[in-house]
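Structural characterization, general
Chain by chain, the residues:
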Amino acid sequence: CLAGGDVDSAKDEVAAAKVVDPDNADVYVVSARVNVVAGDDAAADADFKKAAELDPRRKVPPKLAAAEFKKKVDAAVALLPDPLGAYVRSLGLVVKDRADVDRLIDSERSPETPLLLEGPLRMPGSGDPFRHKPTAAVIFQRSVEVLCEDDAVEDVVTAIFVEVVSGFLG
């Protein structure tokens, strides 16, 4: 449900799962992710903490100050190897606190999307096989943080860029 953008149904499903399997840490992690998308950070924090109580191997994802998160993103981008790194550094990269869920759903993307490539296309209408490459990117801080089970934000950001951007570079 959540990947398709039906946040209300996702909330209902995790509420039912908590009743059926109240000692399952995975249920609380999914509930936390649903709450992040819904914009309820207090409920998300409580769910992440409950998951960590139920399974001590789980860690509560970090919640960084905007400036600290931006530093970690910049550090990850600086270390990307070329040609991926050169392309990413050429993007107008914007960091936003949280995803614009309605916009992501309208563009048929998961509301948990951590990185959105956008902007005018390079050389539209040309015969360039890479003309589809976007010229801007938005990274959503909370969507990235929930993927982190420790402070390895740079590693997660690197993995996101490699996965998303390398699809465009081929």
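Read on for an overview of the structure. Not measured: the values here are computed from a predicted model.

With respect to the overall build of the chain
Helix and strand counts for the chain come out as 8 helices and 3 strands. Secondary structure elements of the chain occur, N-terminal to C-terminal, as α-α-α-α-α-β-α-β-β-α-α. The buried share of the chain, taken over its 170 residues, is 39%. Here the chain has roughly 8,900 Å² of accessible surface; of this, 54% comes from carbon and sulfur atoms.

A few points about helix H2 (residues 25-38)
Given a rise of 1.5 Å per residue, 14 residues ought to cover 20 Å, and the 20 Å separating the end C-alpha atoms of H2 matches this to within 8%. Burial runs high along H2: 10 of the 14 residues are buried. Where H2 is concerned, the buried positions are Ala-25, Val-27, Tyr-28, Val-29, Ser-31, Ala-32, Val-34, Asn-35, Val-36 and Val-37. Buried residues in H2 make contact with helix H1 (7-20), helix H3 (41-54), helix H6 (101-106) and helix H7 (141-145). Between a side-chain oxygen at the N-terminus of H2 and the backbone nitrogen of Asp-26 the separation is 2.8 Å; the capping residue is Asn-24.

Focus on the pattern of salt bridges
One pass over the structure, following the stated rule, counts 12 salt bridges. Put simply, Arg-58 and Asp-26 hold a salt bridge, and the shortest N to O gap is 2.1 Å. Of this pair, Arg-58 sits in the loop between H3 and helix H4 (66-78) while Asp-26 sits in helix H2, and the two are 32 residues apart along the sequence. Here Arg-89 and Asp-82 are joined by a salt bridge, their closest N and O atoms 2.7 Å apart.

Focus on the side chain of Glu-112
Relative to the elements of secondary structure, Glu-112 occurs in the loop between H6 and strand E2 (115-118). Here the side chain of Glu-112 touches Arg-33 through a polar contact of 2.7 Å, side chain to side chain. With near-sequence residues (within four places) excluded, Glu-112 lies in contact with Leu-2, Arg-33, Val-37 and Ser-143.

Remarks on the nonpolar core
Leu-115, Ile-139, Val-144, Val-157, Phe-161 and Val-165 are the most contacted members of the largest nonpolar core, which totals 22 residues. Looking at this core, the elements that each hand over two or more residues are H4, helix H5 (84-90), E2, strand E3 (136-140) and helix H8 (153-169). For this core, the element with the highest residue contribution is H8, accounting for 6 residues. Counting residues in hydrophobic clusters, the runner-up holds 9 residues, among them Tyr-28, Val-29, Ala-32 and Ala-44.

What about the sheet that holds E3?
Taken together, the 3 strands give an open sheet; going across it, the order is E1-E3-E2, and neighbouring strands pair in mixed fashion. The open sheet has two edge strands with one neighbour each: strand E1 (92-96) and E2. In this sheet, adjacent strand axes meet at a mean angle of 20° when their direction is disregarded. The pairing of E2 with E3 spans 4 bridges and is classified as antiparallel. Paired with Glu-118 across the bridge in E3 is Ala-136. Where H4 meets the sheet, its contacts fall on E1 and E3, and the angle it forms with E1 comes to roughly 145°.

Notes on H3
Between its first and last C-alpha atoms H3 spans 20 Å; for 14 residues at 1.5 Å apiece the expected length is 20 Å, and the two agree. Every buried residue of H3 is accounted for by Ala-44, Asp-47, Phe-48, Ala-51 and Ala-52. Around the axis of H3, the buried residues are gathered within 140° of arc, so they sit on the same side. What points out from H3, more than 90 degrees from its buried face, is the exposed set Ala-42 and Glu-53.

Reading the values: the criteria
Residues numbered from 1 in each chain as written. Predicted model: local features only at pLDDT ≥ 70, side-chain atom pairs only at ≥ 80, totals over all residues. Heavy atoms only, no water. Helix = DSSP H or I, 4+ residues; strand = E, 2+ residues; numbered from the N terminus. Buried < 20%, exposed > 50% of the residue type's maximum accessible area, 1.4 Å probe, protein only. Areas by Shrake-Rupley, 256 points an atom, 1.4 Å probe, with all protein chains shown as cover. Expected span 1.5 Å × (residues − 1). Contact = heavy atoms within 4.5 Å. Polar contact = N/O pair within 3.5 Å; in protein donor to acceptor, adjacent residues only side chain to side chain. Salt bridge = Lys/Arg side-chain N within 4 Å of Asp/Glu carboxyl O. Core = buried A, V, L, I, M, F, W, Y, C linked by side-chain atoms within 4.5 Å. Pairing = 2+ DSSP bridges. Axes fitted to C-alpha atoms, helices over the stretch in contact; angles between N-to-C directions. Arc of directions from axis to C-beta.

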